[in-house]
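Now for the letters of each chain:
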Amino acid sequence: MAAPNILWIVTTQWRAASTGYAGDRQARTPCLDALAAQAVNYAQAVTPHPFGPFARAALLTGVSSPQNGLSDYFDPLPASARTVAHDLNARGYTTAFFGKWHLAPRDRSAPLVGDAHARQRVPPERRGGFAFWEGFEGGFLLNDPWLHGTRLPEPVQVRGYQSDVVCERAGAWLREEAGAPWFAVVSLEPPHPPYAAPAAGVAPRTIVPPDSVPASARERAARELSGYYAHLEATDRAIGRLIATMPAETIVVVTSVHGDMHGAHGLFRKGWPHEESVRVPLLVRRPGEASHRSDAAVSLLDLADMARAWSEGRAWTERRDAAAISMPSVVALPDQCDRAWRGVRTPARKLVLNADGSPWLCFDLERDPHERCNVIDDPAYAADRERLRTLVEAATGR
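My aim in this report is to walk through the structure given alongside it, one point at a time. Just so you know, these numbers come straight off a predicted model, no measurement behind them.

One pass over the full model with this rule turns up 29 salt bridges. The salt bridge partner of R314 is E312, with a shortest N-O separation of 2.9 Å. Residue R314 is classed as partly exposed on the basis of its relative accessible area, which comes to 40%. On the basis of relative accessible area, E312 is assigned to the partly exposed category, the value being 42%. Salt bridges sharing common partners tie together R220, E224, D260, R269 and D335.

This next bit is on empty space enclosed by the protein. According to the stated counting rule, one finds two cavities of 30 Å³ or more in the structure shown. Each pocket or cavity is described by its volume, and for the largest cavity that value is around 60 Å³. Lining the largest cavity, in full, are V10, R56, L59, L60, F97, K100, W101, L103, V185 and S187. Put simply, the parts of the chain that give the lining of the largest cavity at least two residues each are α2 (52-61), β3 (94-100) and β7 (182-187). With three residues, α2 is the largest single contributor of residues to the lining of the largest cavity. Among the residues making up the lining of the largest cavity, the classes are represented as seven nonpolar, one polar and two charged. In this model, the second largest cavity occupies a volume close to 30 Å³. Residue lining of the second largest cavity: F98, G99, E134, L147, V166 and R169, and that is the complete set. Elements with a contribution of two residues or more to the lining of the second largest cavity: β3 and α5 (162-176). Grouping the constituent residues of the lining of the second largest cavity by class yields three nonpolar, one polar and two charged.

Burial runs high along strand β14 (residues 359-364): five of the six residues are buried. Alignment of strand β13 (residues 349-354) against β14, held across five bridges, turns out to be antiparallel. By the bridge assignment, R349 is partnered in β14 with D364. Linkage of β13 to β14, two consecutive antiparallel strands, is achieved through a turn of four residues, within which G357 is found at a positive phi near 90°.

Our next topic: the nonpolar core. In this structure, I6, W8, Y42, W101, F130 and F183 are the most contacted members of the largest nonpolar core, which totals 65 residues. With six residues, the single largest contributor to this core is helix α8 (residues 303-311). Setting aside chain neighbours within four positions, we find W101 in contact with R56, L60, V122, R126, R127, G128, F130, W133, F136 and E137. Core analysis: the next-biggest nonpolar cluster, separate from the first, contains 44 residues, L7, A27, V158 and V213 among them.

Below, the discussion takes up the sheet that holds strand β9 (residues 282-285). Reading across the sheet, the 10 strands line up as β6-β5-β4-β3-β7-β1-β8-β9-β2-β10 and stay open at both edges, with mixed pairing between neighbours. Of all the strands in the sheet, just β6 (156-157) and β10 (292-294) have a single pairing partner and so form its edges. Where strand β2 (residues 40-42) lies against β9, two bridges are found, and the strand directions are antiparallel. Across the sheet, V40 pairs through a bridge with V284, a residue of β9. Of the strands in this sheet, β1 (6-11), β2, β7, β8 (251-256) and β9 are in contact with α8, which crosses β1 at around 165°.

This paragraph deals with α2. An α-helix turns once per 3.6 residues; consequently, residues spaced three or four apart project the same way. Within α2, 10 of the 10 residues are buried, leaving the element largely enclosed by the surrounding structure. Considered for burial, the residues of α2 that qualify are G52, P53, F54, A55, R56, A57, A58, L59, L60 and T61. Looking at the packing, one finds that the buried side of α2 touches β1, α3 (84-90), β3, β7, α8 and β11 (323-327). G62, located one to two residues past α2, shows a positive phi value of around 75°.

This paragraph deals with the sheet that holds β13. On the basis of which strands lie adjacent, the open sheet formed by four strands has the order β11-β12-β13-β14 and antiparallel pairing. Looking at strand neighbours, the two that pair on one side only are β11 and β14, the edges of this open sheet. Taken pair by pair, the neighbouring strands of this sheet meet at an average axis angle of 15°, ignoring direction. Summarising the sheet, strand β12 (residues 341-345) and β13 pair through five bridges and their orientation is antiparallel. The residue bridging R342 from the neighbouring strand is L353, located in β13. Of the strands in this sheet, β11, β12, β13 and β14 are in contact with helix α9 (residues 382-396), which crosses β13 at around 60°.

This part takes up the layout of surface pockets. If you add up the space inside the largest pocket, you get close to 810 Å³. In terms of lining, the largest pocket is formed by 31 residues, of which the most central are A16, A17, A22, R279 and H370. Residue assignment for the lining of the largest pocket shows that the elements contributing at least two residues are β2, α6 (215-244) and α7 (275-278). Looking at side-chain class alone, the lining of the largest pocket contains 15 nonpolar, seven polar and nine charged residues.

Our focus in this paragraph is the side chain of E189. Residue placement: E189 occurs in the loop between β7 and α6. Polar contacts involving the side chain of E189 include one to the side chain of K100, which spans 3.2 Å. Here F140 takes part through its backbone nitrogen, which lies 3.0 Å from a polar atom of the side chain of E189. Filtering out sequence-adjacent residues up to four positions away, E189 remains in contact with T12, K100, F136, G138, G139, F140, L141, L142 and Q162.

Conventions used here
- Position numbers for residues start from 1 in each chain and track the written sequence from start to end.
- It should be noted that, the model being predicted, local features are given only for residues of pLDDT at least 70 and side-chain atom pairs only at 80 or more, the latter also being counted only at that level, while totals for whole chains, interfaces and linings use all residues.
- Neither water nor hydrogens contribute to the side-chain values; these are computed over all heavy atoms in the structure.
- What counts as a salt bridge is simple: a side-chain nitrogen of Lys or Arg found within 4 Å of a carboxyl oxygen of Asp or Glu.
- For each residue, the accessible area found with a 1.4 Å probe, counting protein chains only, is set against the maximum for its type, and the residue is called buried under 20%, exposed over 50%, and partly exposed in between.
- A 1.4 Å probe that fits into a set of points on a 1 Å grid over the protein atoms alone but cannot get out defines a cavity; an open set with protein on both sides within 12 Å along at least five of seven lines defines a pocket, and lining residues are those with an atom within 4 Å of a point.
- Grid points are joined across faces, edges and corners, and a volume is the space filled by probe spheres set on the points.
- Helix and strand assignments follow DSSP, with helices taken as H or I runs no shorter than four residues and strands as E runs no shorter than two, numbered in order from the N terminus.
- The classification used treats Ala, Val, Leu, Ile, Met, Phe, Trp, Tyr, Cys and Pro as nonpolar, Asp, Glu, Lys and Arg as charged, and all other residues, Gly among them, as polar.
- DSSP bridges decide pairing: two strands pair if at least two such bridges lie between them.
- Side-chain atoms within 4.5 Å are what join buried Ala, Val, Leu, Ile, Met, Phe, Trp, Tyr and Cys residues into a set we call a nonpolar core.
- Contacts are residue-level and defined by heavy atoms, with any inter-residue pair within 4.5 Å sufficient.
- Each axis is a line fitted through C-alpha atoms, and for a helix only the stretch in contact is used; angles between axes span 0 to 180 degrees, taken between their N-to-C directions.
- The term polar contact refers here to a pair of N or O atoms within 3.5 Å; inside protein, the definition further demands a hydrogen-donor-capable atom paired with an acceptor-capable atom, and it admits residues adjacent in sequence only when both atoms are side-chain atoms.

Structure follows, in C-alpha cells:
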C-alpha cells in the first residue's frame, strides 16, 4: 500500500463548542459539519497549552512545553528541535508548511500586531525541518498577509482574506508541485482577533452569548462574538474549498491550537484552564475508517504520533485516560490568565494546580460541563482529587 498524503489544517482560537456539528446553532460551519460526517470526531480533544507558541511547539514536536524549549511566550522553537517534519522527511515524504509560524526568535520590544511582525523573515534553519515553507511569523493581519519562504526570498503582500490566500496557495502547490507522498501543515490565524476585521464578505450578525457569560461581560462578549462568528464562517468556507481539491485518499486533520473564553466566567481570551480555552475541535478523516465520535482523552500532543503511524501504514490508537494541560508561564498581555498552572483533564474530571502545587480548580465535567461549581474543597471529591493529582505529578515530573 502506498504511503498516504497527510494534511493538517490548524486554526487559531477556534474553540471546540463553536461548530454546527458540536451543536452550536449559531455557528455556520457547513464544511466542517460535512467533514465531521466522514471523520472521527475527537470530542474531548484539548490543547496541552492554551496559548499559541507553546501549543504550536507541542503540536510539531509531540513534546510538552517547557520540555520542548519554550518556557516563555517569546521563546523560539530551538533550531535543534526535532519535529514531525524531520521524521516524515526521513520516511520519504515531501514536507510543506503554509501560513502562521509564531515560533521564530522575536523582538520583545516590537509591536505584536501589524506589518513589522508580519514581514519578519523566518530563516531556513528556523523552519522546523519542513522541506518547503511559505508563511509569516505573525502580525495578526487577517487580510492581505505578507508571505515569504522557499519561493519568496523576501516578504510579498498578497491581497485577500488570509484563510483564502493561504488555503488557495497551499492547495495549488500540493496539486501541482508536491511529490507524493506528502505531509503538509496549513496554519491559519483566523478566527483569532482582531474580530472586527473584515471576514471575506461575511457580515457580522447578532450572536447571543451562552449562559456561562455573566451579565457584566455580556455586552463585550456579544460584540466580539459577532465578528468571531463571521471569521468562523469565512474560514470554514476556505477550509472546505481546500479539502475539496485534495485527492480522496488524503488523510485530513482539522483542529485549533486553543480556544477563547469569550466572556465565560467573566473572562476573555486564552491561557485559562477552562473548557472554552483548552478544548479544541479535532476531526480526522482517514480513508477506510468509519466516521464516529471518540471520547478518548486526546491532545494535540498526539498528532505527531498519529502522523508517524499513518506514514508507516499503521492505525493510531489512544493510549491514555487523561490529558495533561498547563500554562508554563504568565503571558503579560491584556485579558490573559494571571498565573502559571498545571493540571489534568479526563472526559469526566478536571484538576488544576497552581505552579507551586497548591490547589486551584476541580470540576466534575459529567455533572457540571460548564464548570459552574469548583469542588476543590468538597470532601465528596477527595479521592478524585488525589487520583488526579497523581496524574498531574506523573505528567509534569513534580
